[in-house]
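Architecture at a glance
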Amino acid sequence: MELALYIPELGHLALILALCFAVVQAFFPLIGAWKADHHWMSLGQPAAWGQFVFLLISFACLTWAFMTDDFTVAYTANNSNSMLPWYYKISAVWGAHEGSLLLWAFILAGWTFAVAIFSRQLPEEMLARVLSIMGMISIGFLLFLIVTSNPFERILPQSPVDGRDLNPLLQDFGLVIHPPMLYMGYVGFSVAFAFAIAALLGGKLDAAWARWSRPWTQVAWAFLGLGIALGSWWAYYELGWGGWWFWDPVENASLMPWLVGTALLHSLAVTEKRGLFKNWTVLLAIAAFSLSLLGTFLVRSGVLTSVHAFASDPTRGVFILVFLLVVVAASLLLFTMRAPSVKSKVGFSLLSQETLLLINNIVLVVATAMVLIGTLYPLILDSLTGAKLSVGPPYFNALFNPLIAILMLALGVGVTMRWKNTPVTWLVKMLGPVLLVSAALSLLLTMLADEFNGAVLLVYFLSAWVVFAGLRDMYEKTRHKGFWAGVRGLSRSYLGMHLGHLGLAVCAIGVVLSSHYSSERDLKMAIGDRIELGKYGFVFEGAEHYEGPNYISDKGTIRVFKGDKQIALLHPEKRLYIVQSMPMTEAGIDPGFTRDLYVALGEPLENGAWAVRLQVKPFVRWIWLGALLTGLGGLLAACDPRYRRKVSTRVKDALTTAKNEATTDV
Amino acid sequence: MNPVRKKRLTIILAIVLGIAATLGLGLYALQENINLFYTPTEIMNGQAPQDARIRAGGLVKEGSVQRNEDALTVTFVVTDGDADVTISYRGILPDLFREGQGIVALGRLNAERVLVSDEVLAKHDENYMPPEVGDALAKTGMLKHYEESAKGAK
């Protein structure tokens, strides 16, 4: 007998063993922390390692089944094909329900492993409790996998000769990395959650707790942001109509934890530096993770009409819903029992960084609530009355955009503000020049455009306001050393903050300019037709038959001219993926820093003519560039060496930095 | 009232007012932007409003897709088994738009009860049925029929 035949069984077995380790990890350290028993507490780390190793084995086994075209495994048979290129075979591992849940569990084990390794400086009880909470979450997901969605289920003895292929929409580079990034974020919030619950259990919600949980939150938040941006980029070039955000419920499901996560980042800063907002921070940590679970539920239960809602099974939805309710109910119950009722003694005045961060938090939470209402309202109404409806993008735009404008306005004031109290005269001195420069620059830029547009003027102003206020603050902090020498002396978390804010400004400009200045035409083009759109001329030269590895296609040729000069040669395609006989539009895109040219083929018409969609989208790339900057900002902040300092120095630190860093750091 | 309490009260009042205003605006915006779903039977019975943006859906009837002269205006008929609705759409149809497929269209009904649509949603999975359409078909008993024929085709 060949050993290779048993590899899927090995994977299944490893999954079950990982569950056993998760049970050990969940119970022994918790009881150990309760009884102050070192031996029991010390079981947490090895259990976390064991769980990680066995999930790694399990994941590798499933990948092996895909790479070797083992179609006796039902999941492989449904989502792969021998003709599929090897890199898509790897991404097909998480291309559907079972595999993506295995990836979820694997990433969770990875985060737990990282906590076990990098948190040696944590007090023993704290680490024990954190690992235990993560073990409990892991039990939930592993049970879900093993009971309802086993990826290693076999089709025996009559296994298919070849697989049904990966959904062609997912055969794309963006989809290779979008789910892992997104899951890194979703699952990463479980660390912030575990820290918050552990602190509640231990009854110690202090500055040290906030400092431990900050770098983890920053990394998770950065990954989630990057994952969302990748998804948006993928939708832009792959769905074939050039939209980048649809307020689709599944998109909203990923945006909500990000928004709350953003609020959490800022609130953690206040808790660490000033010892304020503790209860609020805990609630945000619980909310961020609960919303991540809600996202998983919405995507995986099939209750939604969405591009992500592939055929699915309602019992799975019920399992996640129950799990979600247990998590939320248990953590809120614990919160009401253990939340510190003692009032903070430190106060702050109205003009202080605390106030501005509070405004940030309120705006972000209100924005999340708005998105939540718009997303869940149709579902709730449907289950109560059976009425079918959907909430359109105008609802979201009408609410979200003004809130973000308020946020950006507050941001400029917030970065220059000082902790506790800021003199008005000083603030005017700081922000007066920023206001003048932003107003002048935005007016100038708006006048350069052909037509006046209020939204564009506003976004120029707000972005300039954010950027210049940041620069003004950096200038102020480096005054004594000279700008460049001074910047090198600034902490990474401070620089990361400014990078993140810069990303928001860049993204906002991209969103508004591409929404207001895009031009688009759907039309019939015969061979040789030339169409003028904006400053560009598009010439259609027909479409030819073309064969890819697992698809056949009509490959069009469109030349784009600016004046008489050819500036781009685009090949939009209409593909037919053979196995699922599924048509797909591949857009032809000429990307640019200030504009994208976007061409997609519709249907073939008589005499070689085609229905064609032509688009010119100014500054659309800035949307993802901004998101990238924001994500990098988060990662840079998490690299700050002060998070890795030893406990012994930290206590002293906490006392002195509260004074010193209050002026240099957020 | 002492000054600290007065300040606190002002802050709390400001927050409450702010949240109330946003909530009010939010609910108003929600009211304005709800698109109700109607089945072909409901539309033919005159239950759907004219000139409001609605969603309608069903199976695209075999042989009903017609292109106009300029080639980008398409009309087709969707059915739930009991009643039919004609939908007209200008633009490029989604990849998975096919006869016999379940689709959802967004648009406004005109006086002839033709849905003038600006957005057609067809989903990217051959097994996927939009939940609204599935329910509409279940009401008329056509869902069973559809599922059996889909199984037969495989």
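**What about a nonpolar patch on the surface?**
All names here are of chain A.
- Residues V23, F27, F28, W40 and L43 make up a contiguous nonpolar surface patch of roughly 400 Å² in combined accessible area.
- Ranked by the residues each element gives to the nonpolar patch, the list is headed by helix 1 (residues 7-35), at three residues.
- Tracing the backbone shows L43 in the loop between helix 2 (38-41) and helix 3 (44-67).

**Observations concerning the side chain of D80 of chain B**
Residue and element names in this part refer to chain B.
- For D80, the location among the structural elements is in the loop between strand 4 (73-79) and strand 5 (84-90).
- D80 gets classed as buried once you look at its relative accessible area, which sits at 1%.
- Here the side chain of D80 touches A83 through a polar contact of 3.1 Å, landing on its backbone nitrogen.

**A word on the packing of aromatic side chains**
All names here are of chain A.
- In this structure the tally under the stated criterion is 29 aromatic pairs over all chains.
- Here the aromatic rings of F59 and W94 are separated by 6.4 Å at their centres, their planes lie at 15°, and the arrangement is stacked. Of this pair, F59 sits in helix 3 while W94 is found in the loop between helix 5 (86-92) and helix 6 (97-118), placing the two residues 35 residues apart along the sequence. Assigned by exposure class, F59 and W94 land together as buried.
- Measuring from centroid to centroid gives 6.2 Å for F461 and W465, while their planes differ by 20°, and the two rings are stacked. In this pair, F461 and W465 both sit in helix 16 (residues 454-477), four residues apart, roughly one turn of the helix.
- Among the residues examined, F461 registers a relative accessible area of 18% and is labelled buried.
- What links up through ring pairs into an aromatic cluster is the set F52, F59, W94, F106 and F113.
- The ring of Y546 carries K555 above its face, with NZ or CZ at 4.1 Å from the centroid.

**Re the pairing of strand 7 (residues 114-121) of chain B**
Residues and elements named next belong to chain B.
- Strand direction decides the pairing type here: strand 5 and strand 7, joined by four bridges, are parallel. Residue pairing across strands places Y89 opposite S117, the latter belonging to strand 7.
- Sheet topology places strand 6 (residues 102-109) next to strand 7; six bridges connect them, and they run antiparallel. Looking across to strand 7, one finds that R108 is bridged to V116.

**Some remarks on the interface of chain B and chain A**
- The partner chain A presents 45 residues to the 35 residues of chain B that form the contact.
- With both sides pooled, the region where chain B packs onto chain A buries about 3,500 Å², and carbon together with sulfur makes up 62% of that total.
- Where chain B meets chain A, there are one salt bridge.
- Counting every contact that joins chain B to chain A gives six residue pairs in polar contact (both at pLDDT 80 or more).
- Elements supplying a minimum of two residues to the side of chain B that touches chain A: helix 1 (3-32), strand 1 (34-38) and helix 3 (131-140) of chain B.
- Broken down by class, the residue content of the side of chain B that touches chain A amounts to 16 nonpolar, seven polar and twelve charged.
- Both strand 1 (residues 389-391) of chain A and strand 1 of chain B contribute to a ladder of three bridges, which runs antiparallel. When the bridges of strand 1 of chain B are listed, S390 of chain A appears paired with N35 of chain B.

**Observations concerning empty space enclosed by the protein**
Residue and element names in this part refer to chain A.
- In the structure shown here, the tally under the stated rule is two cavities of 30 Å³ or more.
- By volume, the second largest cavity amounts to about 30 Å³.
- Looking at the second largest cavity, the residues that line it are W247, A367, M370, V371, F396, L399, F400 and L403.
- Counting residues per element, the ones that place at least two in the lining of the second largest cavity are helix 13 (353-385) and helix 14 (393-416).
- With four residues, helix 14 is the largest single contributor of residues to the lining of the second largest cavity.
- Here the residues of the lining of the second largest cavity sort into eight nonpolar, no polar and no charged.

Conventions used here
- Residues numbered from 1 in each chain as written.
- Chains lettered and ligands numbered in written order.
- Predicted model: local features only at pLDDT ≥ 70, side-chain atom pairs only at ≥ 80, totals over all residues.
- Heavy atoms only, no water.
- Patch = residues over 30% accessible without salt bridge, like charges linked within 9 Å, V, L, I, M, F, W, Y side chains within 5 Å.
- Areas by Shrake-Rupley, 256 points an atom, 1.4 Å probe, with all protein chains shown as cover.
- Salt bridge = Lys/Arg side-chain N within 4 Å of Asp/Glu carboxyl O.
- Helix = DSSP H or I, 4+ residues; strand = E, 2+ residues; numbered from the N terminus.
- Buried < 20%, exposed > 50% of the residue type's maximum accessible area, 1.4 Å probe, protein only.
- Polar contact = N/O pair within 3.5 Å; in protein donor to acceptor, adjacent residues only side chain to side chain.
- Phe/Tyr/Trp six-rings, centres within 6.5 Å; stacked < 30°, edge-to-face > 60°.
- Lys NZ or Arg CZ within 6 Å of the ring centre and 35° of its normal.
- Pairing = 2+ DSSP bridges.
- Contact = heavy atoms within 4.5 Å.
- Buried area = accessible area lost by both parts, 1.4 Å probe.
- Nonpolar A, V, L, I, M, F, W, Y, C, P; charged D, E, K, R; others polar.
- 1 Å grid on protein atoms, 1.4 Å probe; cavity = no way out; pocket = protein on both sides within 12 Å on 5 of 7 lines; lining within 4 Å.
- Points joined across faces, edges and corners; volume = space filled by probe spheres on them.

Shape is all these values report; function is a separate question.
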